[in-house]
Each structure stands twice: as structure tokens, then as C-alpha cells.
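Notes for the structure review
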Amino acid sequence: MALAVMLLNGASFHGGCCRPKALLSLLGPLLSNSKLYSSYRRPGAEPEKKPSWQNADFSFKKGFDHLKAQLSLLKKETQDYLKGPGGHPLSQQLLEQTRVLWQFRSQEDLNKWVISSDVEIGGKSKVYIKLGRNNQAALLYGTINTEVPRDGETKYSGYCSMRSRPAVGSFNRKKYYDWSNFNSLYLRVRGDGRPWMVNIYTDPYFSHQKDDLYSYFMFTRGGPYWEEIKIPFSKFFLSSRGRVQDTQHPVWLDKATLTLGFTIGDKVDGPFQLEIDFIGLLNDRAHREEFAYEPYDKN
């Protein structure tokens, strides 16, 4: 909830987004109620007294099926690695100018994303996602309500967000994207004129960087027509826990995002909607800017 509260009065990746419980990598399919995407607990709420391992179904058949599936996935990853970067020949990788990361044509495509709102902190905003007309886009819609929960702790409310699930490889290993051949994020959307914030969360090298977030604004113009939006990665600025950092540096594209998300929190009550056709990458030869922000030397 950090950055968009300060800039759009909204929120995005918050809490333990990518920090599963111990042994989750081994017992992932067996833990039916494990909280992978959020560890937030409202002020004054009672913590769970039941250990998570009591929710595990220690089934030998499920464990064997899971092991078989992971070994099959590991085999495919090995074959892709030997073939070339991203499972493509090196020549194709070097000549690639565009790449589609996410498109929305089925319910399976929607399942790769997670939606959230200020309901997590006691707010009243609502958000939904479904396939658009003719199953050709994702339709994100809902209602913003800026009424602050009366819990004595929360100061801001009124946000909704959509974020991608963290990519995982075989045996629940972290999977990274290599975007070093591209310099821009490329989207085809249709909005209602309200501003959004695009957020990129990368895997931190150090534990104190776990709340770092790269963000930039996306302004939709409204109306019946689709618009293609290009956001250079050089424009994304770094923040941590809602504060824009004095020391800025570009997004590490060779070890890119764990999650990418969209947040609305413009402090305007009422309905909103955003249609997304696809999200991709672009190598814009005309864009030569390396970084848009001036670095400061520390005293």
C-alpha cells in the first residue's frame, strides 16, 4: 500500500508477496490454506492459533504426482536452456524487437493474476476481473471508496490493484525474466480516463531491499478507442515503503520482475474500469535515454 498511497493515494505490492512459509517449496500442493500472497493482519485482530502444518494433507499419492510433475517441468526447462535464452535460438533472441508477456484470451490467462483492494485493511472498495467481449481482453472493474476504516491505525484508503503472480520454475524455484534486450514496456489498453500506476517489483539482492518498488504513471484518455501506451524503463523511479528514494537507479532488466501490477487510487469515489489487451516489451531504437533521474552523491 506504500507508493500509491503517497502519490496516487493507493497501494500495490504489500506485505509478504513472495515469502511463503517454511517447507512450502516442498509441501506446496499439500498446504490448502497457506497464505502465499499476503501476511497482513488487521490491527487488533487475533493471530491464527492453528499451525499451518495441521492444514497439510500428507497423501503419498499427491506427493508422488507432484514429484512427477516437477521432474517433467525440470526436463522441459533443461531442454529450453540448452536450446537458447528463453527456449529460443540465440539468433532469434538477438533480432527480437517485441515480445508479448501476457495476453488475455482465456480464464487460464486471468488465473495468472491476483486482484486486491483496501478490503484487506478494512476498506470498502471493490474490484473484479473477467474476460472482456469475445474473450479478447481482460476487464478490470470495480468501485473506489475512500472511507477510512475506523481502527485507529489506518490513515488512507480507497485503492484497488491487479498484480501478476510470481513466476516459479520446477520445485517452486524463483523464475526470473531477462528483459535486457528491451527498453520499454508496451501495453494496449482502454480505460475510462482515470490515472493508474504501473508497478514493477524485482527480486532484492539484500533483505533491506524487500520493499523496493519501481513505479511510473499511466494515464488513460477514456472513450471507445483502444490506446497503445509505451513506458520506457528509464522512467520508472524507485521507492521504498511509500517514500521516493534520494538514491535512484534503473530497473535491473537482466533479473527483472517477480511481479508486475496496476494500481488505482486517485482519491475519487466511484466506478472504474480498465481493459487490457496485452502487455509486452518493445525495443525502441529511437529511445536513447539511459535514466531519467539525476543521481545524488551521499555526503
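Position labels on residues start from 1 in each chain and follow its written sequence. Only residues with pLDDT of 70 or above have their local features reported here, since the model is predicted, and side-chain atom pairs are shown and tallied only from 80 upward, although totals for entire chains, interfaces and linings are computed over all residues. Excluded from the side-chain calculation are hydrogens and water; included are all heavy atoms of the structure.

Identification of the chain as Complex I intermediate-associated protein 30, mitochondrial from Polioptila caerulea is taken from an unreviewed UniProt entry. As recorded by UniProt, the Sequence similarities (unreviewed entry) comment attached to the chain reads in full: "Belongs to the CIA30 family." Under Function (unreviewed entry), UniProt gives the following word-for-word description of the chain: "As part of the MCIA complex, involved in the assembly of the mitochondrial complex I." UniProt positions are given in the numbering used here, feature names are shortened, and annotations may be inferred rather than shown by experiment.

This brings us to the overall build of the chain. Within the chain, the regular secondary structure consists of 5 helices and 13 strands. Contacts are assigned to residue pairs that have any heavy atoms within 4.5 Å of one another. Within the chain, contacts between residues at least 6 apart in sequence are counted, and of these 75% link residues at least 24 apart. Within the structure as shown, the chain displays about 17400 Å² of accessible surface, and the carbon and sulfur contribution to it stands at 53%. Numbering of helices and strands runs from the N terminus; a helix is a DSSP stretch of H or I covering at least four residues, while a strand is a stretch of E covering at least two. For the area figures, the Shrake-Rupley method with a 1.4 Å probe applies, and any residue is considered shielded solely by the protein chains shown.

Looking now at the nonpolar core. Joining through side-chain atoms within 4.5 Å is the link that ties buried Ala, Val, Leu, Ile, Met, Phe, Trp, Tyr and Cys residues into a set, and such a set is a nonpolar core. Residue exposure (1.4 Å probe, protein chains only): buried if accessible area is under 20% of the type maximum, exposed if over 50%, otherwise partly exposed. Residues Phe104, Leu185, Phe236, Leu260, Phe262 and Ile279 are the most contacted members of the largest nonpolar core, which totals 36 residues. If one sorts the elements of this core by residue count, strand S13 (residues 270–282) sits on top with 5 residues.

Should DSSP find at least two bridges between two strands, the strands are taken to pair. Pairing is antiparallel in the open sheet, where 7 strands are placed in the order S2-S5-S12-S7-S8-S10-S11. For this open sheet the edge positions go to strand S2 (113–117) and strand S11 (243–244), each flanked by a neighbour on one side alone.

Further remarks concern the pattern of salt bridges. Salt bridges are counted wherever a side-chain nitrogen of Lys or Arg sits within 4 Å of a carboxyl oxygen of Asp or Glu. Counted according to the given criterion, the structure contains 13 salt bridges. Put simply, arginine 173 and glutamate 77 hold a salt bridge, and the shortest N to O gap is 2.4 Å. Here the residue arginine 173 occupies a position in the loop between strand S5 (160–164) and strand S6 (184–191), and glutamate 77 occupies one in helix H3 (residues 60–83), the gap between them amounting to 96 residues. For arginine 173, a relative accessible area of 40% gives the class partly exposed. Residue glutamate 275 pairs with arginine 190 through a salt bridge whose shortest N-O separation is 3.0 Å. Taken together, the residues glutamate 275 in strand S13 and arginine 190 in strand S6 connect sequence positions 85 residues apart. Since its relative accessible area comes to 11%, glutamate 275 is described here as buried. The exposure class assigned to arginine 190 is partly exposed, which follows from its relative accessible area of 21%.

Working definition: a ring pair exists when centres of Phe, Tyr or Trp rings (six-membered ring for Trp) sit within 6.5 Å. Plane angles under 30 degrees give stacked, over 60 give edge-to-face, the rest tilted. With the rule as written, the count across this model stands at 16 aromatic pairs. Pairing phenylalanine 217 with phenylalanine 237 gives two aromatic rings, centres 6.2 Å apart and planes at 45 degrees, and the pair type is tilted. One end of the pair, phenylalanine 217, is in strand S8 (residues 212–219); the other, phenylalanine 237, is in strand S10 (residues 237–240), with 20 residues separating them in the sequence. Phenylalanine 237 sits in the buried class, given a relative accessible area of 9%.

In this model, the chain carries an average pLDDT of 81, and 82% of its residues clear a pLDDT of 70 or more. Per residue, pLDDT measures the predictor's confidence, with a range of 0 to 100. Across residues 1–38 the pLDDT falls below 50, and counting only partners more than four positions away or on other chains, this stretch makes 102 contacts in the model.

Notably, asparagine 134 is not glycine yet its phi reads approximately 60 degrees, a positive angle. Structurally, the position occupied by asparagine 134 is in the loop between strand S3 (126–131) and strand S4 (138–144). Notably, asparagine 172 is not glycine yet its phi reads approximately 55 degrees, a positive angle.

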